[in-house]
Every structure is written in structure tokens, then in C-alpha cells.
Amino acid sequence: MAVKDRNDRDRFSTATRLRLLGEQTAARVYRSQTRRQARRSRLTGRAALLALVVCSLVVALAYPMRQYVGQRADIADLKRQKRQAQERVEQLRDQKARWQDDAYAEQQIRQRLHYVLPGETGYIVVDPGAAKQSRTEQGTARRPWYTNVWYGVDKSDAAHQ
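The rules behind these values
- Residues numbered from 1 in each chain as written.
- Predicted model: local features only at pLDDT ≥ 70, side-chain atom pairs only at ≥ 80, totals over all residues.
- Heavy atoms only, no water.
- Phe/Tyr/Trp six-rings, centres within 6.5 Å; stacked < 30°, edge-to-face > 60°.
- Buried < 20%, exposed > 50% of the residue type's maximum accessible area, 1.4 Å probe, protein only.
- Helix = DSSP H or I, 4+ residues; strand = E, 2+ residues; numbered from the N terminus.
- Expected span 1.5 Å × (residues − 1).
- Arc of directions from axis to C-beta.
- Contact = heavy atoms within 4.5 Å.
- pLDDT = per-residue confidence, 0-100.
- Axes fitted to C-alpha atoms, helices over the stretch in contact; angles between N-to-C directions.
- Parallel < 35°, antiparallel > 145°, perpendicular 65-115°, else oblique.
- Nonpolar A, V, L, I, M, F, W, Y, C, P; charged D, E, K, R; others polar.
- Salt bridge = Lys/Arg side-chain N within 4 Å of Asp/Glu carboxyl O.

Caption draft 1: Region of the structure containing the packing of aromatic side chains. The tally for this structure, following the rule as stated, stands at two aromatic pairs. Taken together, a centroid distance of 5.4 Å and an interplanar angle of 80° make the contact between Trp99 and Tyr104 edge-to-face. For Trp99, a relative accessible area of 33% puts it in the partly exposed group. Plain terms: the ring middles of Trp145 and Tyr146 are 5.8 Å apart, the flat faces sit at 80° to each other, and that makes the pair edge-to-face. When its relative accessible area of 65% is taken as the criterion, Trp145 is described as exposed.

Here you go:
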């Protein structure tokens, strides 16, 4: 009976209770740690390395891709400019071919320079609106004569195009 009395006393002693309480608490903590580790273990070292490699590739390819897209835009712009230049060259060739024709040249000379053939009488019809316009241009007397000449040439050229 002495052993039984000793076990009963040990079971109710404070030290035994504290030891049992510590063991229970340690078991709970161990279980919660294993649950946390199970949650954290989803991101393995391999997955972290793969993410690092993918991020490195994205960063490494970002600048060359930007350069590629920019150069493609420049190429498209240069092609557009080339096409416009070719159209302008064709227009100038057509105009040159027209000026090679004597009838067209004579028509332009008569129209632009008011030339007449011998025996013809030249008339110039004065437009009343032009008189008002010439009054507004009386400020040309304040400019040097060569500026007025160039202004007249530019104006007459722009009026017939």
C-alpha cells in the first residue's frame, strides 16, 4: 500500500501537476509549430529560385524589348517619310515634264508675267477687292525695297498654286 499511497500523493502534488501542465503545453506548441511549418513549406527553395530566375529574365529582357519596339516605330516612320518623298519626286517630275511642253510654258508666262504676243493688246482687270488689299499693304513703304520684292515674288507664287 505504501507504493499506492505514494502514487496518489505524487498525482496530487503541485510538482506533478506543473510537470503535466508543461508537457501538455509543449505538445500544443509542437502541434501548432508543425501546422505553421506545413503552411510555410509551400514555398520551397526550388520555387524561390525559380521565381528569382523568372524575375531576372524579365529585368534582363525589359530594356532590349523597349529598344526593339522603339526601333520598329522608327522604321515605320522612316518608311512613311520615304513614301512621302517618293510622291513628292513624282509630282516634281510631272511638273518638269509639263514645263518641257512649249504650250504649257507659254500659258504660264502669259498668266504669271502678263506677256502678250506682238499685235495683241493686253488688258488687266482691276478687282475692287484688290484695291482694298493694296491699301492694307501700304505698310510696305517702311520696309527695305528688297524685302518688298521678295514678298511680291512669294505672294504671286503662292496665289497660283
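Back to the text.
Caption draft 2: Up close: helix 4 (residues 102-113). End to end, helix 4 covers 16 Å across twelve residues, agreeing with the expected 16 Å (1.5 Å per residue, within 8%). Taken together, the buried positions of helix 4 are occupied by Tyr104, Ala105 and Gln108. Buried residues of helix 4, seen end-on, are gathered within an arc of 95° and therefore sit on one face of the element. Buried residues along helix 4 sit in contact with helix 3 (45-100). Immediately beyond the C-terminal end of helix 4, within one or two residues, lies His114, with a positive phi of roughly 60°.

Caption draft 3: Highlighting the confidence of the model for the chain. On average, residues of the chain carry a pLDDT of 81, and 78% of them reach 70 or more. The weakest mean pLDDT in the chain belongs to helix 1 (residues 2-12) at 56; the strongest belongs to helix 3 at 94.

Caption draft 4: Highlighting the packing of helix 3 against helix 4. One can describe the packing of helix 3 onto helix 4 by two numbers: an axis separation of 5 Å at closest approach and a directional angle of 90°. Regarding the angle of helix 3 to helix 4, the classification is roughly perpendicular. Where helix 3 approaches helix 4, its residues Arg98, Trp99 and Gln100 are matched on the opposing element by Asp102, Tyr104, Ala105, Gln108 and Arg112. Tallied by class, the residues present in the contact of helix 3 with helix 4 amount to three nonpolar, two polar and three charged.

Caption draft 5: Main features of unusual backbone geometry. In this structure, His114 is a non-glycine residue whose phi angle is positive, near 60°. Mapped onto the elements of the fold, His114 is located in the loop between helix 4 and helix 5 (128-136).

Caption draft 6: Region of the structure containing the pattern of salt bridges. Applying the stated rule across the entire model yields four salt bridges. Asp77 is the partner of Arg80 in a salt bridge, and the nearest nitrogen-oxygen pair spans 2.5 Å. Taken together, the residues span about one helical turn, with Arg80 and Asp77 both in helix 3 at a distance of three residues. Arg80 sits in the partly exposed class, given a relative accessible area of 33%. Notably, a salt bridge pairs Arg93 with Glu90, separated by 3.3 Å at the nearest N-O pair. Of the two residues, Arg93 and Glu90 both sit in helix 3, three residues apart, roughly one turn of that helix. Given the relative accessible area of 54%, Arg93 is considered exposed.

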